[in-house]
Amino acid sequence: MTGRRNFSRSDSGIIPMLLALLLAAGAVIGFGAYILKGSTLALRSNKSNYAQLADLEKAIRAQVFLIGSLPCPAAPNGNGAAKSSCANNENDGVLPWVTLGITKAGATDPYGRLISYHVDPSLPPVNPDGVHICQGTAARAGTLRLNPSTATSLFVLISHGPNGLGGWRGDGLQMPNPASTQEQENCSDITGNTSIVTCVNASATNVTQGPHQGDRSLPDYFDDMLLAAVSANFDPVCAAAGGGGGGGG
């Protein structure tokens with residue numbers, strides 16, 4: 001029969017050591033909970049961010065259904081109305097909240113920057129401020145390249161993420177130039193306004209969708225969030241619109 005052990009004087013040092021270990025374990029658990037809480041908040045923010053982009057894409061679909069055309073971007077330092085052209089380097093800017101009938105707050109991401117909006121510059125124009133997205137009762141293929149894949153899109157909505165670099169503030173001023181070449185590809189520029197622009201989109205027909213890289217010390221840091229308009233998703237819209245905005249060709 002094994003009896004209960006009694007602590008002797010020689011064991012007295014064990015108790016403080018056990019207490020120290022328990023306290024240390026509690027600190028680790030607390031720190032882990034803190035990290036988990038931070039990760040959860042980031043996850044919620046990203047989820048909310050993507051949900052916002054999805055809702056904005058639906059608003060654009062409604063516009064296509066109603067008038068048969070896709071609005072051009074708005075100038076970041078403008079009044080929220082679509083620009084008169086989407087051609088060439090005019091194809092990027094911010095979401096035209098006035099043209100879409102939404103508030104400026106609705107076109108602002110959770111981090112306080114306007115949602116960037118890049119349109120395929122090869123789409124046929126329609127006066128006064130849009131392009132034809134439909135070809136008959138089907139959507140056009142779209143040529144806006146989604147690096148690093150070979151996929152293409154009709155338009156892309158971009159939140160510039162927590163760091164906001166390359167994005168646009170609500171007062172029309174641009175955030176600092178990203179060091180990451182991937183994030184630089186998603187910057188909007190304003191032709192002829194070099195005093196405002198801090199970075200220039202290297203190509204009117206390219207954006208970058210990732211991969212995400214969370215280490216800001218690395219050259220490929222990337223925290224942008226994109227939603228690309230897939231042509232197949234707009235086929236039902238074009239069919240329901242009866243081929244409106246077909247634009248020929």
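Further up the page is the structure itself.
For the structure given in this document, a descriptive report is provided here. (Residues numbered from 1 in each chain as written. Predicted model: local features only at pLDDT ≥ 70, side-chain atom pairs only at ≥ 80, totals over all residues. Heavy atoms only, no water.)

What follows is about the packing of aromatic side chains. One pass over the structure, following the stated rule, counts two aromatic pairs. Both rings, one in tyrosine 117 and one in phenylalanine 155, keep their centres 5.7 Å apart while their planes meet at 65 degrees; by these two values the pair is edge-to-face. A residue pair is termed long-range when its members are at least 10 positions apart, and tyrosine 117 in strand E4 (residues 116–119) and phenylalanine 155 in strand E11 (residues 155–159) qualify at 38 residues. For the pair tyrosine 117 and phenylalanine 155, a shared accessibility class is recorded, and that class is buried. Ring geometry for phenylalanine 155 against phenylalanine 234: centres 5.7 Å apart, planes inclined by 80 degrees, an arrangement best described as edge-to-face. (Phe/Tyr/Trp six-rings, centres within 6.5 Å; stacked < 30°, edge-to-face > 60°. Helix = DSSP H or I, 4+ residues; strand = E, 2+ residues; numbered from the N terminus. Buried < 20%, exposed > 50% of the residue type's maximum accessible area, 1.4 Å probe, protein only.)

Since one α-helical turn is 3.6 residues long, residues separated by three or four positions face the same way. Along helix H4 (residues 231–240), the residues that are buried comprise Ser231, Phe234, Val237 and Cys238. The arc that holds the buried residues of H4, viewed along the axis, is 105 degrees, so those residues lie on one side. For H4, the exposed residues set more than 90 degrees away from the buried face come down to Pro236 and Ala240. (Arc of directions from axis to C-beta.)

Turning our eyes to something else, we now look at unusual backbone geometry. Proline 148 follows asparagine 147 through a cis peptide bond whose omega is 5 degrees. With respect to the secondary-structure elements, proline 148 resides in the loop between strand E9 (144–147) and strand E10 (152–153). Between glycine 210 and the following residue, proline 211, the backbone shows a cis peptide bond with an omega angle of 5 degrees. By secondary structure assignment, the location of proline 211 is in the loop between strand E13 (206–208) and strand E14 (225–228).

What follows covers the pairing of E9. Pairing of E9 with E10, which is carried by two bridges, proceeds in the antiparallel orientation. Within E10, the position partnered with leucine 144 by the bridge is serine 153. Here E9 folds back onto E10, and the loop between the two strands holds four residues. For E9 and E13, the ladder comprises three bridges, and the chain directions are parallel. In the sheet register, arginine 145 faces E13, and the bridge partner there is asparagine 206. (Pairing = 2+ DSSP bridges.)

The subject of this paragraph is the layout of surface pockets. One number sums up the size of the second largest pocket: a volume of about 160 Å³. Forming the walls of the second largest pocket are 13 residues, and the residues nearest its centre are Tyr50, Glu57, Leu227, Ala228 and Asn233. For the lining of the second largest pocket, the elements supplying multiple residues, two or more each, are helix H1 (14–67) and E14. Counting residues per element, the lining of the second largest pocket draws most heavily on H1, which supplies five residues. (1 Å grid on protein atoms, 1.4 Å probe; cavity = no way out; pocket = protein on both sides within 12 Å on 5 of 7 lines; lining within 4 Å. Points joined across faces, edges and corners; volume = space filled by probe spheres on them.)

The next subject is the nonpolar core. Core analysis: the biggest nonpolar cluster contains 33 residues, and Leu70, Phe155 and Leu157 have the highest contact counts within it. Counting residues per element, the ones that place at least two in this core are H1, helix H2 (97–100), E4, E11, E14 and H4. Considering each element in turn, this core owes the most residues, four residues, to H1. Every residue in contact with leucine 157, bar those within four places of it in the chain, is listed here: Leu53, Leu56, Glu57, Ile60, Leu95, Ile115, Ser116, Tyr117, Met225, Leu226 and Leu227. The next biggest cluster of nonpolar side chains, apart from the first, holds seven residues, and it includes Leu144, Ile158, Phe222 and Leu226. (Core = buried A, V, L, I, M, F, W, Y, C linked by side-chain atoms within 4.5 Å. Contact = heavy atoms within 4.5 Å.)

Treat this as a map of the structure, not an account of what it does.
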